[in-house]
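Here's the letter readout for the chains.
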Amino acid sequence: WLNTSKDPIISNEQKAGSFWRRIVDYYNASPQLVGTVLRELGSCKQRWGRINTDVSKFTGCYDAALREQRSGQNDDDVMKAALEIFFKTTESKFTMDHCWRELRHDQKWCSVYGPKEGGKEKRKQVIDVDREEEEVGEPEGRP
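Just so it is clear, the model here is predicted, and its values are computed rather than measured.

The interhelical angle for the contact between helix H2 (residues 16–28) and helix H3 (residues 41–67), taken along N-to-C directions, is 90°, at an axis separation of 9 Å. Regarding the angle of H2 to H3, the classification is roughly perpendicular. Here Gly 17, Trp 20, Arg 21 and Val 24 of H2 lie close against H3, whose contacting residues are Leu 41, Cys 44, Lys 45 and Trp 48. When the residues that make up the contact of H2 with H3 are grouped by side-chain class, the tally is five nonpolar, one polar and two charged.

Below is the structure:
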């Protein structure tokens, strides 16, 4: 789905039926599937629906785990927390981490919350008290 939807030549200038036929052709042409039963359009759509649903749910769980990330936690800790959140909300284990790792950097599943960068500034800002008070005039208009 990802490779077919990112095709720069055809782009989104295609109907749903031709889009899914291209996906089936791409999947069945894979050298890893030589000697196996070819998939049909319906089974590819159904499988993609399951992948899309679970990866979308897990992306939300991963975002929640990122928001709860504490100092000293690494990516593995965030992943464990995300898996726990997914299990609590869906009552099933997330088994498509290999799919999520492929899709997570695409715009559709890209995390809104990035990892925390650095810490807060620990020094307080110095305020200059010795300067003369400015005259208060009319308030400035909104830009």
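Take unusual backbone geometry next. At Glu 91, a residue that is not glycine, the phi angle is positive and equals roughly 60°. Locating Glu 91 in the fold gives a position in the loop between helix H4 (75–90) and helix H5 (97–103).

Now for the pattern of salt bridges. Applying the stated criterion to the full structure yields one salt bridge. In this structure, Asp 54 engages Arg 50 in a salt bridge whose closest nitrogen and oxygen atoms are separated by 3.0 Å. Here Arg 50 and Asp 54 lie together in helix H3, a separation of four residues that amounts to about one turn.

This part takes up the nonpolar core. Residues Ile 51, Val 55, Phe 58, Tyr 62, Phe 94 and Trp 100 are the most contacted members of the largest nonpolar core, which totals 20 residues. Listing elements by their share of this core, those giving two or more residues are H2, H3, H4 and H5. With eight residues, the single largest contributor to this core is H3. Both domains that furnish three or more residues to this core are identified here as domain 1 (1–39) and domain 2 (49–114).

Next up on the list: the packing of aromatic side chains. Within the structure shown, the criterion is met by seven aromatic pairs. Pairing Tyr 62 with Trp 100 gives two aromatic rings, centres 4.8 Å apart and planes at 55°, and the pair type is tilted. With Tyr 62 in helix H3 and Trp 100 in helix H5, this residue pair connects regions lying 38 residues apart in the sequence. The pair Tyr 62 / Trp 100 is uniform in exposure class, with both members buried.

A few words on H2. Note that an α-helix has 3.6 residues per turn; residues three or four places apart therefore point the same way. Taking 1.5 Å per residue, 13 residues should reach 18 Å; H2 reaches 18 Å between its end C-alpha atoms and fits that length. Among the residues of H2, those classed as buried are Phe 19, Trp 20, Ile 23 and Val 24. The arc enclosing the buried residues of H2, seen along the axis, measures out at 135°, which places them on a common side.

Attention now goes to the packing of H3 against H4. Contact geometry for H3 and H4: axes closest at 8 Å, N-to-C directions at 125°. If you check the angle between H3 and H4, you find them oblique. Between H3 and H4 the crossing geometry is right-handed. Note on element contacts: H4 touches H3 through Val 78, Met 79, Ala 81, Ala 82, Leu 83, Ile 85, Phe 86, Thr 89 and Thr 90, opposite Asp 54, Lys 57, Phe 58, Cys 61, Tyr 62, Ala 64, Ala 65 and Leu 66.

The next point concerns the side chain of Asp 54. Asp 54 gets classed as buried once you look at its relative accessible area, which sits at 10%. Of note is the side chain of Asp 54, whose polar atom sits 3.0 Å from the side chain of Arg 50. Aside from chain neighbours lying at most four places away, what touches Asp 54 is Phe 86, Phe 94 and Met 96.

What counts, and at which threshold
- Residues numbered from 1 in each chain as written.
- Predicted model: local features only at pLDDT ≥ 70, side-chain atom pairs only at ≥ 80, totals over all residues.
- Heavy atoms only, no water.
- Axes fitted to C-alpha atoms, helices over the stretch in contact; angles between N-to-C directions.
- Helix = DSSP H or I, 4+ residues; strand = E, 2+ residues; numbered from the N terminus.
- Parallel < 35°, antiparallel > 145°, perpendicular 65-115°, else oblique.
- Contact = heavy atoms within 4.5 Å.
- Nonpolar A, V, L, I, M, F, W, Y, C, P; charged D, E, K, R; others polar.
- Salt bridge = Lys/Arg side-chain N within 4 Å of Asp/Glu carboxyl O.
- Core = buried A, V, L, I, M, F, W, Y, C linked by side-chain atoms within 4.5 Å.
- Buried < 20%, exposed > 50% of the residue type's maximum accessible area, 1.4 Å probe, protein only.
- Domains from an automatic or database assignment.
- Phe/Tyr/Trp six-rings, centres within 6.5 Å; stacked < 30°, edge-to-face > 60°.
- Expected span 1.5 Å × (residues − 1).
- Arc of directions from axis to C-beta.
- Left-handed = near helix turned anticlockwise from the far one by under 90°.
- Polar contact = N/O pair within 3.5 Å; in protein donor to acceptor, adjacent residues only side chain to side chain.

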